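Residue-level structural notes
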Amino acid sequence: MNETSSPGDLTSRLRNRLETDRRRIEDEAARELARLGENLNAIASGALRSIEADTVEATGRMRELLMKAWLRPLVVGMSLFLGICFGSLGTMHWLSRSIHDRIETLDELDTRTGWARAMLAEIEETTWGVELLESSGDRYVSLPAGTTVRPAFTMEGRPYLKLSRE
């Protein structure tokens, strides 16, 4: 057996070895590129999910901020509007009730005044115009005008008689 190699054998072995090393390197590089692609895909998916979550969170905060910025003036405005409306309604109801009560009181007083005038006319008619008067502790009776009695004195054309305490 011949253990010496010729330059053609060496070249052929070197080529085979280079070819094998090249295939192994290419296979290893393909595997590394596939792993790198999977890692990049996972990183991109994670970044996309993070961006989506941040966007949802920012949208929620913005919606909440807009609600507060819009809702607060709405609530204040509605409170003022309702307060003014119900306050005016209450005031108008109170004023209406007050006027109505005063009208009823005036009608009642008119009725009482009419009744008192009728009573006074009846008393004057039944007493023939005789009146009682007290002055400085003395009591007097006034007689109707034109009475022919000698009075103690007269006032406004009417004779007065002094009553004794006995």
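What this report covers is the structure whose coordinates are included nearby. (Residues numbered from 1 in each chain as written. Predicted model: local features only at pLDDT ≥ 70, side-chain atom pairs only at ≥ 80, totals over all residues. Heavy atoms only, no water.)

The next thing to look at is the pairing of strand S2 (residues 138-142). Note on strand geometry: in a regular strand, side chains alternate between the two faces of the sheet. Sheet analysis places strand S1 (residues 131-135) next to S2, joined by five bridges and oriented antiparallel. Looking across to S2, one finds that Leu133 is bridged to Tyr140. Counting the residues that bridge the hairpin from S1 to S2 gives two residues, and of these Ser136 lies at a positive phi of roughly 55°. (Pairing = 2+ DSSP bridges. Helix = DSSP H or I, 4+ residues; strand = E, 2+ residues; numbered from the N terminus.)

Another point: the pattern of salt bridges. Summed over the entire model, instances satisfying the criterion amount to 10 salt bridges. The residue Lys68 makes a salt bridge to Glu64 at a minimum N-O spacing of 3.5 Å. Note that Lys68 and Glu64 are positioned in helix H1 (residues 7-126) at a spacing of four residues, about one turn of the helix. According to the relative accessible area criterion, Glu64 is partly exposed, its value standing at 46%. The salt bridge involving Asp101 is made with Arg97; its shortest N-O contact spans 3.5 Å. In this pair, Asp101 and Arg97 are both assigned in helix H1, four residues apart and thus about one turn of the helix distant. Here the residues in one salt-bridge network are Glu19, Arg22, Arg23 and Glu26, joined through shared partners. (Salt bridge = Lys/Arg side-chain N within 4 Å of Asp/Glu carboxyl O. Buried < 20%, exposed > 50% of the residue type's maximum accessible area, 1.4 Å probe, protein only.)

Let us now look at H1. For H1, with 120 residues, the first-to-last C-alpha span of 172 Å sits near the 178 Å given by 1.5 Å per residue. Positive phi shows up at Trp128, right after H1, with a value of about 60°. (Expected span 1.5 Å × (residues − 1).)

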